[in-house]
Amino acid sequence: MLKTHQANETVAQILDMFRIFPKEEELYHRIIPRFEQFYRDVGKCTQFAPKAFKFDVDLNKEYILMDDLSIKNYKNTNRIEGLDMNHMLAVLKKMSEYHAASACYVEKYGCFSEDFTIGVFSEKNVDILREFNKSTAFLSQLKKWPNCSSIYEKLANSDEYLVKRLLEDQRVNVGEFNVLNHGDCWSNNIMFQYDAFGKIKEVFFVDFALAKYGSPANDLYYFILSSCAADIKIPKFEYFVRYYYENLVQNLILLQYTRPLPKLTSIHGSLYKNGLAAYMIVSKVLPATILDKSEDANLENYTNDKSKMVSAMYNNPKYVKQMMEILPWLNNRGLLDWK
C-alpha cells in the first residue's frame, strides 16, 4: 500500500503546511518501532500499525509504503452503525498500550519534536484553523432543534473565540500526564483482524497525520464520541474511561514507567478541562462519520458551509437523534462552558 501526495493542489498545499508526510514518516519508521520494542523488551509482542518500508531508490517525492492489511484480512467496521462493546474495548486496550509506550518514550528519548508538541495548533495556522472549525452551519441547525435554545445561546458567537481557546487548550501542560495522541482516532482509521469464529484477534491504527502530544482526553473524546454505537456512547462513557485507565496503568507498570502513575481523577479532570475538544468532535467529526457515502464527500465540500455535503451532515436524522442525547450530556457536565 503506497501513500503519496494528493493530486488536488489545494489539499496538497494543506498537507505541506501541516507537515503531514514528515510527521507520518517519522512515526512509521522511527517512533512506532520504538514503541513496539519497549514491549518486546519486557516479553510482550505488541504491534500498533502496519509495517512500513523504504524504497532502495529515491522517488524524489514524499511517500509512505506499508503492508496492505487487506491481504491479511484486516477490515474496517461499519462507521455509520458505530462500534459495539467488544470493538470499543479492543480499541481502548490498544490505545492504552500506545499511550503508555509514548509516555515511556519521553522518559527515554526526551520530548517529541514541535511537529507533535505544537503540530497544526500554531498561531501561523490561525486562518486555516478558523476555516476548518467555523460553526456557522452547525449552529444554524442547532437553532432549529427542539429544547436546544439555551445551548444555542451559549454557543451563538463561539466562532469569535473558538480558535483562540483551541490554541490555548492544545498547549502541552508539562504538569499533567501527557501522551502522543493518534489525533484522528475514528473507525475508518482502525483496522480489525478476526479469527475463524469472528472474534477480534488484532487491532491496528492507520493514518497518523494529526498525531499530537498532549492530554489523553483528546483521543478519548475523539474515539468514543465519533465512533461508538449510539446506544452505548453516553451510557457507557464513564466505563470506557475507567477501562482505558486501568489498562493504561497496567502497561505503564509493565514498561517500568518511573514517573508518578496518573490517577483516574486526573484523567477525568483533563476530560473536564478539554470540553472544547468534545464539542469539536460532535460538531465537526461525528456528522461526517455517520454520513452516508456520497460523491459530494470531500475535503473541499467539508469546509464549504453551503455545500450539499455539509447540508446532508447536519440534517441527517441519525445525527440529530444522537445530538439530542449528547448535547444535554455535554451541557450538564459543563463541557460547553469554555468561553
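Position numbers for residues start from 1 in each chain and track the written sequence from start to end. Residues qualify for local features only when their pLDDT is at least 70, as the model is predicted, and side-chain atom pairs are given and counted only at 80 or more; totals for whole chains, interfaces and linings, by contrast, use all residues. Only hydrogens and water are removed before side-chain values are computed, so all heavy atoms of the structure are retained for them.

As annotated in an unreviewed UniProt entry, the protein is CHK kinase-like domain-containing protein from Stomoxys calcitrans.

Undergrad: What's the story with the overall build of the protein in this structure? I'm lost.
TA: Within the protein one finds 16 helices and eight strands. Rg of the C-alpha trace for the protein: 20 Å, near the compact-globule value of 20 Å for 339 residues, within the 12% margin. With the principal axes as the frame, the protein shows a C-alpha extent of 55 × 45 × 45 Å. For the protein, with 339 residues in total, the buried portion stands at 54%. Put simply, of all contacts in the protein between residues at least 6 apart along the chain, 78% involve residues at least 24 apart. If you sum the accessible surface of the protein, you get close to 16400 Å²; carbon and sulfur atoms cover 50% of it. What counts as a helix is a DSSP run of H or I of at least four residues, what counts as a strand is a run of E of at least two, and both are numbered from the N terminus. Atoms counted for the radius of gyration: C-alpha only. Globule rule: 2.2 Å times residue count to the power 0.38. Under the scheme applied here, a residue whose accessible area is under 20% of the maximum for its type counts as buried, over 50% as exposed, and between as partly exposed, the area being computed with a 1.4 Å probe on protein chains only. Contact between two residues is taken to exist if any of their heavy atoms lie within 4.5 Å; hydrogens are not considered. With residues, only the protein chains shown are counted as cover, and all accessible areas are computed by Shrake-Rupley using a 1.4 Å probe.

Undergrad: I keep staring at the environment of Lys54 and nothing clicks. Help me out?
TA: Residue placement: Lys54 occurs in the loop between β2 (52-53) and β3 (63-66). C-alpha of Lys54 to C-alpha of His29: the two residues are 25 residues apart in sequence and 8.8 Å apart in space. With residues near it in sequence (within four places) discarded, Lys54 still touches Glu25, His29 and Tyr63. Side-chain atoms alone can form a polar contact between residues adjacent in sequence; in general such a contact is a pair of N or O atoms within 3.5 Å, and within protein one must be able to donate a hydrogen while the other accepts it. Side-chain polar atoms of Lys54 contact the side chain of Glu25, separated by 2.3 Å.

Undergrad: Help me out: how do you make sense of the packing of helix α13 (residues 275-289) against helix α16 (residues 317-332) in this one?
TA: Angle between the axes and distance between the axes are the two parameters that describe a pair of packed helices. Running from N to C, α13 and α16 point in directions that differ by 175°, and their axes come no closer than 11 Å. As the angle between them shows, α13 and α16 are arranged roughly antiparallel. Contacts from Ala278, Val282, Ser283, Leu286 and Pro287 of α13 reach α16 at Tyr319, Gln322, Met323, Ile326 and Leu330. All axes here are fitted lines through C-alpha atoms, helices being fitted over the stretch that makes contact, and every angle between N-to-C directions spans 0 to 180 degrees. Any angle from 65 to 115 degrees is called roughly perpendicular, while one under 35 is roughly parallel, one over 145 is roughly antiparallel, and all others are oblique.

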